[in-house]
Amino acid sequence: MCFVLLEQDCLTTSVLTSRSFAYHFFMRLFRLIKIASVASRYGLDEMVLEHEPSGRLVRISKKLQFWRDLSVPRAVRLRLALEALGPIFVKFGQVLSTRRDLMPADIADELAKLQDSVPPFESALAMAEIEKAYGRPASEVFAAFDPTPVASASIAQVHFARLKDEDGSHEVAVKILRPNMAGVIDHDLALLDTFAMLLEKLWSDGKRLKPREVVAEFGKYLHDELDLMREAANASQLRRNFADSRLLSVPEVHWDWCTSTVMVMERMTGTPISQIERLRADGIDLSRLSAAGVEIFFTQVFRDGFFHADMHPGNIFVAPDGRYIALDFGIVGTLTDNDKNYLAQNFLAFFRRDYKRVAEAHIESGWAPADTRVDEFEAAIRAVCEPIFDRPLKDISFGKVLLRLFQASRRFNVEIQPQLVMLQKTLLNIEGLGRQLDPDLDLWKTAKPFLERWMHEQLGWRGLVRTFKQEAPYLARTLPQLPRLVHQSLAQPPKVDLAPQLERLIKAQHQQNRWLFVIALLLALLLASFLKLI
């Protein structure tokens with residue numbers, strides 16, 4: 001009976017597994033069909049095929065899809081397509097909007113609208129989410145609540161409200177998660193994982209770039225964004241790191257009203273950093289502001305190892321006193337001490353044009369294979385980096401520099417580090433902000449003194465003192481035990497290395513087995529001969 005039940009359970013599990021596989025397969029297929037449908041509806045195929053020199057593919061596409069109206073400008077069609085495809089594609093468009101050196105100006109301007117102009121969901125759904133989170137309607141939670149959202153992003157939207165008098169009567173911003181986001185993100189990530197798998201199989205550099213690990217890392221951060229309690233904790237940590245800072249202001253979190261789907265924080269007043277003319281009219285020094293942004297970034301990375309990893313212009317405001325205001329803390333990055341050390345060494349070596357040290361740091365960190373020839377790697381890095389120094393930021397195409405670095409690293413099998421993907425993305429955002437605020441910003445000159453000071457604090461006498469303070473509790477526990485541990489070690493009888501004896505025994509056993517086999521064979525032959533004679 002037990003065996004029958006076990007067999008039935010196994011069969012049921014197998015059926016459920018098959019159904020689950022079929023369900024996910026068809027969901028991915030339907031999502032892929034939707035992506036193709038959206039791309040066709042907005043004419044994204046023509047935007048790709050127009051680069052084909054002969055023009056035949058574009059003409060064929062127009063004839064096969066003659067019913068389409070593509071009179072709307074291409075940039076608008078691209079933005080609408082990304083909005084229709086969902087949060088992952090919207091975030092992709094947000095990153096592209098900061099890369100004006102890599103795309104035409106019309107597309108960059110239109111994609112910039114994705115940073116704070118994503119279509120909101122209905123106010124009734126927002127009120128329903130609040131009632132679901134608190135177990136009572138918004139009118140009983142807040143003294144005032146504006147049902148019209150003031151900002152809408154790919155994951156959530158924000159409403160202004162005021163707490164009741166007994167709760168402090170604070171002016172607050174209420175962030176509400178979009179309903180049913182988890183399923184959409186899971187399906188899109190599954191498709192991205194499929195594309196990444198194909199990339200690994202079909203492209204020679206696919207395995208080196210680790211696209212599936214990159215997708216997994218991106219997916220982890222996206223799922224983190226679906227938990228607003230985690231975002232509230234990120235905001236609280238960043239606010240504590242920059243307490244009393246003259247450069248960055250972070251809103252206070254009102255924890256009593258935070259849940260996994262609703263987050264309540266201090267209402268901040270400022271000007272979006274993308275409104276350059278308004279900042280000038282307010283008397284903000286854009287050159288100083290751009291330099292402060294670089295300092296904020298390097299402070300987060302190298303002092304704290306905890307950085308805001310979604311710093312597109314829609315998430316950054318400027319206060320009337322010129323300080324940055326950080327918003328949207330759903331994606332943050334963390335770095336280990338080893339990551340920070342190797343990054344600092346690489347940055348400083350770049351600034352000093354010490355390309356040999358750059359190559360050595362890559363090998364020591366494991367980013368490049370241990371058998372890489374330092375001199376060859378150094379020469380390749382020099383050929384890429386030397387032309388970019390001593391030039392203002394406006395004259396440097398970092399897109400071309402990254403492309404040349406990619407081509408150079410291909411020869412040496414340099415691996416993409418998935419844990420640093422968010423850092424790389426943030427660096428791209430920082431560059432985009434720098435271009436918009438001050439095209440003459442010398443990123444290298446601004447960052448070099450900060451990194452040199454950080455390295456001095458880490459490796460100099462201050463770093464030694466700080467390390468000793470951190471290790472002092474451990475040493476206080478361990479030092480009194482040293483005499484006893486030394487005595488125990490000396491009192492133990494010397495260990496006998498049994499490996500040689502074991503090896504000899506194994507060889508003897510094998511030899512004995514061979515002799516037994518020969519003897520058995522001879523006995524069998526003798527027995528057969530005896531039986532034959534009989």
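Thresholds applied
Residues numbered from 1 in each chain as written. Predicted model: local features only at pLDDT ≥ 70, side-chain atom pairs only at ≥ 80, totals over all residues. Heavy atoms only, no water. Phe/Tyr/Trp six-rings, centres within 6.5 Å; stacked < 30°, edge-to-face > 60°. Buried < 20%, exposed > 50% of the residue type's maximum accessible area, 1.4 Å probe, protein only. Helix = DSSP H or I, 4+ residues; strand = E, 2+ residues; numbered from the N terminus. Pairing = 2+ DSSP bridges. Contact = heavy atoms within 4.5 Å. Axes fitted to C-alpha atoms, helices over the stretch in contact; angles between N-to-C directions. Salt bridge = Lys/Arg side-chain N within 4 Å of Asp/Glu carboxyl O. 1 Å grid on protein atoms, 1.4 Å probe; cavity = no way out; pocket = protein on both sides within 12 Å on 5 of 7 lines; lining within 4 Å. Points joined across faces, edges and corners; volume = space filled by probe spheres on them. Nonpolar A, V, L, I, M, F, W, Y, C, P; charged D, E, K, R; others polar. Core = buried A, V, L, I, M, F, W, Y, C linked by side-chain atoms within 4.5 Å.

A.B. asks: Could you give an account of the packing of aromatic side chains, with specific residues and numbers?
C.D. replies: This model, assessed by the stated rule, comprises four aromatic pairs. Where Tyr134 meets Phe142, the ring centres are 6.4 Å apart and the plane angle is 75°; that geometry is what we call edge-to-face. Phe142 gets classed as buried once you look at its relative accessible area, which sits at 2%. Taking 5.9 Å as the distance between ring centres and 10° as the angle between the ring planes, the aromatic pair formed by Phe298 and Phe302 counts as stacked. Taken as a pair, Phe298 and Phe302 lie in helix 14 (residues 286-304) at a separation of four residues, close to a single helical turn. Just as Phe298 is buried, Phe302 falls in that class too. Members of the aromatic cluster, each reached through a chain of ring pairs, are Tyr134, Phe142 and Phe145.

A.B. asks: Give a description of the sheet that holds strand 9 (residues 316-318) that names residues and reports values.
C.D. replies: An order of 5-10-9-7 is seen for the four strands of this open sheet, with the pairing classed as mixed. At either end of the open sheet lies a strand with only one pairing partner, and these are strand 5 (248-249) and strand 7 (271-272). Taken together, the three bridges between strand 9 and strand 10 (residues 324-326) define a ladder with antiparallel strand orientation. For Phe317, the partnering residue across the bridge sits in strand 10 and is Ile325. Strand contacts of helix 14: strand 5, strand 9 and strand 10, with the helix running at about 45° to strand 10, the strand carrying the most contacts.

A.B. asks: Mind laying out the pattern of salt bridges, listing which residues take part and the relevant values?
C.D. replies: With the rule as written, the count across this model stands at 17 salt bridges. Between Glu266 and Arg239 there is a salt bridge; the shortest N-O distance is 3.9 Å. Here the residue Glu266 occupies a position in strand 6 (residues 262-266), and Arg239 occupies one in helix 12 (residues 228-241), the gap between them amounting to 27 residues. Assessed through its relative accessible area of 30%, Glu266 is described here as partly exposed.

A.B. asks: Explain helix 16 (residues 355-364) residue by residue, including any values.
C.D. replies: Among all positions in helix 16, only Tyr355, Val358, Ala359, Ala361, His362 and Ile363 are buried. Summarising the contacts, the buried residues of helix 16 are in contact with helix 15 (337-351) and helix 17 (374-385). Positive backbone phi, approximately 85°, marks Gly366, located one or two places after helix 16.

A.B. asks: So, the environment of Asn241: which residues are in play, and what are the values?
C.D. replies: Note that Asn241 resides in helix 12. On the accessibility criterion, Asn241 (19% relative accessible area) is buried. Sequence-distant contacts of Asn241, defined by excluding residues within four places in its chain, comprise Arg303, Asp304 and Phe306.

A.B. asks: Explain empty space enclosed by the protein residue by residue, including any values.
C.D. replies: Evaluated as defined, the whole model comprises two cavities of 30 Å³ or more. By volume, the largest cavity amounts to about 80 Å³. Lining the largest cavity are Ser290, Gly293, Val294, Ile296, Met311, Tyr324, Ile430, Leu433, Gly434 and Leu437. When residues of the lining of the largest cavity are traced back to their parent elements, those giving at least two are helix 14 and helix 19 (421-437). In the lining of the largest cavity, the residues fall into seven nonpolar, three polar and no charged. Quantified by volume, the second largest cavity comes out at close to 40 Å³. Contributing to the lining of the second largest cavity are Leu238, Leu248, Ile296, Gln300, His308, Met311, Ile316 and Ala326.

A.B. asks: Outline the nonpolar core, listing residues and values.
C.D. replies: Ile273, Leu289, Phe298, Phe302 and Tyr324 are the most contacted members of the largest nonpolar core, which has 67 residues in total. Ranked by residue count, the leading element in this core is helix 14, at nine residues. Ile273 has contacts with Leu279, Leu289, Pro313, Ile316, Phe317, Val318, Tyr324, Leu433 and Leu437, leaving out every residue within four places of it along the chain.

A.B. asks: Residues and numbers for the environment of Thr372, please.
C.D. replies: Locating Thr372 in the fold gives a position in the loop between helix 16 and helix 17. On the basis of relative accessibility, which here comes to 13%, the residue Thr372 falls in the buried class. When the C-alpha atoms of Thr372 and Glu360 are compared, they prove to be 9.4 Å apart, with 12 residues separating the residues in sequence. Look past the residues within four positions of Thr372 in its chain and what remains in contact with it is Ile363, Phe377 and Phe412.

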